[in-house]
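# Per-entry structural report
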Amino acid sequence: MKKRIVSILAMGLILVPFLVGGVCAKTLTIGSMSPLTGPYASDGTDIKNGVLTAISVFEAAGGIAGYDKIELSAQDTACDPRQAVAAANKLINLEVAGVVGAYCSSSTIPASEVLAEEDIIMITPASTNEQVTDRGLPYMFRMCGRDDDQAPAAAKFMKESLGAKTIFIVDDKTTYSQGLADGVKKAAIEMGMEVVNHEHVNQGDKDFSAVLTMAKQANADIFYMSLQGYSPAAMMTLQAKRLGMESQIVTQDAVFQPKYMEVAKEAAEGAYLTYGFTDETTPEYKAFEKIYVPKYGKIAAYATYAYDSATALLKAIQAAGTTDPAKVKAELMKLDFQGVAKHVKFAANGDSGSSYIAYKVVDGKFVPYWEPIKGLIK
Amino acid sequence: MEYFIQQLINGITLGGMYALIALGYTMVYGVIQLINFAHGEFFAAGGYVGAIALAYFAGVGYMDSHPVICLTASFLIAMAYCAYLAVGVEKIAYKPLRKNSRLAALLSALGMSIFLSNGMMLTQGVYDKVYPGELFQGRFDFGMISISYLQIMIVSLTAILLVSLNLLVFKTKIGMAMRATAQDKTMSALVAIGSNRIISLTFAIGAGLAAAAGIMYGLYYGSVKYDMGFIPGIKAFSAAVLGGIGNITGAMIGGLIIGMVEIFGAGYISGEYKDVFAFIILIGVLYFKPNGIMGENIDDTRV
């Protein structure tokens, strides 16, 4: 009996922080959604770190009037639509002022439907599938580009800059990767290139030898890898080179992660990928680099976009002086500032424009190589 | 034809790794009738320890001067570590439940699997851990067919491990004690075979083989990740069932079959359904031979 009382008291202690927290401080809570576990945990962690950096910058600058502090509730989606919906519901219960996320388009789409029921603002830093903003949800915003901009840019790059005639496409069947692969296929055919094969692998696969042997035999000019995340892409690149595949590797934004070169090493050299152009010489980028790098390491894929998303959200809340979604949205639409990843200005549908260019891996770094209008970048 | 041979080589490499992992499932099942779901995590842990050891050797510069010694040492360190880990897991998570229903131990195994995989995530981080790249680069080319040095290394090392395990189990006294324990714990205890010791040993050997597979995996795919044990674990488990769970030769054959079917399914039909082919074969075989391919003489040879 005594033991039981002690344990009940001990359980009760768990509640203390909530009680205390509720009484003494007014906290602005924003949410983030990204995969913190599972195969895309690294990309999801980048997003969380980007948002945390934005919050710390805001707090250092004096915070937001009317709130003692800004807090982040980082939810794990595991890139699983069901878990994403659960995470969205959790954020609704926490009464967050807005959400940055999610990473996988297949998570963002169902989660945004849930958040839309409660009129919660959602800014995705990374989901490029068209459907994210094309469903007409009033509070859905997107910081990154769109696949229907990326796919034609990639096809144009392959035709004009690489002089490609034949393409072998592989995707891993996610909303994002398959959508993009289909887009590239369509654009490539329209531009007169031949798609010799369009193969699929599964999420979580590590052994691609079967599909790569197929690709080696097809010997197309381009091997287009549409994969969700740098990790499978690095493994595929490594295995392709080991098998002696000679097709030129072209891939896309999800692979924009320094870890890609770390894992694939020399095999990654000379690979191309399309990614939104980030001007790394802006003072905004330099300032971000100074805070982010010592704390979290190399700047990767979507940390900058997550930072810009959170900054836009906080700026809008600050300007609105309230968390009322309609007012915050009005302020979001007014925003026009140079962010870290790009210049932030939202269009009526919630998109903020695409700026896809081709990067090339040179000496273990992504180097801007080609852009759709002017061609090669010197 | 060249295409076929290339896919065959791919299949043998993958199948060999599955076979090494499958052995752990099958040996543990043979001895205590437990499906050790944490086994995939021993495989991942082996990959990590190997990465850490190799990175250390590369850091102090031994890697360039004595690559073979460093690699051998890394294998031994990883195998020893995982053997130790497995014995610990058995003592903590399975032994107290040995007298309870099998379901309790099974759930404990699932819990252990989640615990270990998240433990690796917390201690090693969510990013891939990279293997040093200079090892065994290069390949032989015969027309369209190419065999990398790594594939040769993996296949021959797998063969050595499989043969030595067979010798251990079927030709030594320890092996005899293991087989005796598998058949009847009480009876073997009466002839002075300590079943606890044999069970620990079984876990240790199984995990050691999984650790070896983990390093090969890391070398072959270039990196390891905390969640890498899950899918190969499931595949290897299927391989063990396919071969007849509890049967060592069965696990080896099952591993090779699953690896080959996956590669040929992906290479000739479609990559997106390769897991489906593996499981269709599994279902097909179990339908006609419920005990698995080598399952009939289960009482004589299981360990």
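Residues numbered from 1 in each chain as written. Chains lettered and ligands numbered in written order. Predicted model: local features only at pLDDT ≥ 70, side-chain atom pairs only at ≥ 80, totals over all residues. Heavy atoms only, no water.

### Comments concerning the overall build of chain A
- Within chain A one finds 14 helices and 15 strands.
- Judged by the C-alpha coordinates and their principal axes, chain A covers about 70 × 55 × 40 Å.
- Scored against the burial criterion, the 378 residues of chain A give a buried share of 58%.
- In chain A, once contacts between residues fewer than 6 apart in sequence are set aside, the share between residues at least 24 apart is 69%.
- When the accessible surface of chain A is summed, it comes to about 14800 Å², and 56% of that surface belongs to carbon and sulfur atoms. (Helix = DSSP H or I, 4+ residues; strand = E, 2+ residues; numbered from the N terminus. Buried < 20%, exposed > 50% of the residue type's maximum accessible area, 1.4 Å probe, protein only. Contact = heavy atoms within 4.5 Å. Areas by Shrake-Rupley, 256 points an atom, 1.4 Å probe, with all protein chains shown as cover.)

### Focus on the pattern of salt bridges
- Counting across every chain of the model gives 19 salt bridges over all chains.
- Ionic pairing is found between B:Lys91 and B:Glu90, a salt bridge with its closest N-O pair at 3.8 Å.
- For B:Lys91, a relative accessible area of 36% corresponds to the partly exposed category.
- Of the residues examined, B:Glu90 reaches a relative accessible area of 0% and is grouped as buried.
- Residues B:Arg98 and B:Glu90 are paired through a salt bridge, measuring 2.6 Å at the closest nitrogen-oxygen approach.
- Judged by its relative accessible area of 27%, B:Arg98 falls in the partly exposed class.
- Each of the salt bridges in this network shares a partner with another, and the network as a whole consists of A:Asp134, A:Arg142, A:Arg146, A:Asp148 and A:Asp351. (Salt bridge = Lys/Arg side-chain N within 4 Å of Asp/Glu carboxyl O.)

### Things to note about the domain arrangement of chain A
Residues and elements named next belong to chain A.
- Taken domain by domain, chain A consists of domain 1 (2–144 + 302–344) and domain 2 (147–278 + 356–376).
- The C-alpha centroid of domain 2 is placed 31 Å from the C-alpha centroid of domain 1.
- Summing both sides of the interface, domain 1 and domain 2 together bury roughly 1500 Å²; the carbon and sulfur share of this comes to 41%.
- On the domain 1 side of the interface with domain 2, the three residues burying the most area are Tyr 40, Thr 128 and Tyr 302, jointly 33% of the side's total.
- Here domain 1 is connected to domain 2 by zero salt bridges. (Domains from an automatic or database assignment. Buried area = accessible area lost by both parts, 1.4 Å probe.)

### Examining the interface of chain B and chain A
- Tallying the contact residues gives 38 residues for chain B and 37 residues for chain A.
- If you sort the residues of chain B by the area they bury against chain A, B:Tyr127, B:Tyr221 and B:Glu272 come out on top, with a joint share of 20%.
- For the interface between chain B and chain A, the tally reads one salt bridge.
- A salt bridge links A:Asp205 to B:Lys274, with the shortest nitrogen-to-oxygen separation between them at 3.4 Å.
- At the junction of chain B and chain A, the tally comes to 14 residue pairs in polar contact (both at pLDDT 80 or more).
- Counting residues per element, the side of chain B that touches chain A draws most heavily on helix H1 (residues 2–32) of chain B, which supplies five residues.
- The residue makeup of the side of chain B that touches chain A, split by class, is 20 nonpolar, eleven polar and seven charged. (Polar contact = N/O pair within 3.5 Å; in protein donor to acceptor, adjacent residues only side chain to side chain. Nonpolar A, V, L, I, M, F, W, Y, C, P; charged D, E, K, R; others polar.)

### Points about the pairing of strand S13 (residues 356–362) of chain A
Residues and elements named next belong to chain A.
- Counting buried positions along S13 yields five of seven residues, so the element is predominantly enclosed.
- Here strand S10 (residues 272–276) pairs with S13 via five bridges, running antiparallel. Residue pairing for S13: Tyr 272 is matched across the bridge by Lys 360.
- As judged from the five bridges shared by S13 and strand S14 (residues 365–371), these two strands associate in the antiparallel manner. Bridge pairing in S14 places Val 361 opposite Phe 366.
- Following S13, the chain reverses through two residues before pairing antiparallel with S14; Asp 363 in that reversal takes a positive phi of roughly 50 degrees. (Pairing = 2+ DSSP bridges.)

### Points about a nonpolar patch on the surface
- A contiguous nonpolar patch, built from B:Met1, B:Phe4, B:Tyr268 and B:Ile269 and spanning about 480 Å² of accessible area, is present on the exposed surface.
- Position of B:Tyr268 relative to the elements: it lies in helix H11 (residues 248–269). (Patch = residues over 30% accessible without salt bridge, like charges linked within 9 Å, V, L, I, M, F, W, Y side chains within 5 Å.)

### Quick notes on the side chain of A:Ser309
All names here are of chain A.
- Here Ser 309 shows up in helix H13 (residues 303–320).
- In this structure Ser 309 comes out as buried when scored by relative accessible area, which is 0%.
- Setting aside its immediate chain neighbours within four residues, Ser 309 contacts Val 100, Ile 123, Thr 124, Pro 125 and Met 143.

### Quick word on the sheet that holds strand S2 (residues 69–76) of chain A
Residue and element names in this part refer to chain A.
- In space, the five strands of this open sheet follow the order S2-S1-S3-S4-S5, with parallel pairing throughout. In this open sheet, the two edge strands, each paired with only one partner strand, are S2 and strand S5 (140–142). Adjacent strand axes in the sheet meet at a mean angle of 25 degrees when their direction is disregarded.
- By the bridge criterion, eight bridges tie strand S1 (residues 27–34) to S2 in an arrangement that is parallel. Bridge assignment links Gly 31 to a residue of S2, and that residue is Ser 73. (Axes fitted to C-alpha atoms, helices over the stretch in contact; angles between N-to-C directions.)

### Observations regarding the packing of aromatic side chains
All names here are of chain A.
- Inspection of every chain in the model, using the stated rule, returns 30 aromatic pairs over all chains.
- Grouping aromatic residues by their ring pairs yields a cluster made of Phe 256, Tyr 275, Tyr 302, Tyr 305, Tyr 359 and Phe 366.
- Over the face of the ring belonging to Tyr 139 we find Lys 329, whose NZ or CZ atom lies 5.9 Å from the ring centre. (Phe/Tyr/Trp six-rings, centres within 6.5 Å; stacked < 30°, edge-to-face > 60°. Lys NZ or Arg CZ within 6 Å of the ring centre and 35° of its normal.)

### Here's the deal with the pairing of strand S8 (residues 222–226) of chain A
All names here are of chain A.
- In terms of burial, S8 is a largely internal element, five of the five residues being buried.
- Of the two faces of S8, the one holding Ile 222, Tyr 224 and Ser 226 and the one holding Phe 223 and Met 225 are both buried throughout.
- One crossover worth recording links S8 to the parallel strand S9 (residues 248–251) by way of helix H10 (residues 230–243), and it is right-handed. (Right-handed = clockwise from strand over helix to strand, strands pointing away.)

### Digging into the nonpolar core
Residues and elements named next belong to chain A.
- Counting 198 residues, the largest nonpolar core has Met 158, Phe 223, Tyr 224 and Tyr 260 as the members making the most contacts within it.
- Split by domain, the residues of this core number at least three in each of domain 1 (2–144 + 302–344) and domain 2 (147–278 + 356–376).
- Leave out the neighbours within four places in its chain, and Phe 223 touches Phe 168, Val 170, Leu 212, Ala 215, Met 236, Met 245, Ser 247, Gln 248, Ile 249 and Val 250.
- Ala 84, Leu 91, Ala 111 and Val 114 belong to the second-largest nonpolar core, a separate cluster that totals 18 residues. (Core = buried A, V, L, I, M, F, W, Y, C linked by side-chain atoms within 4.5 Å.)

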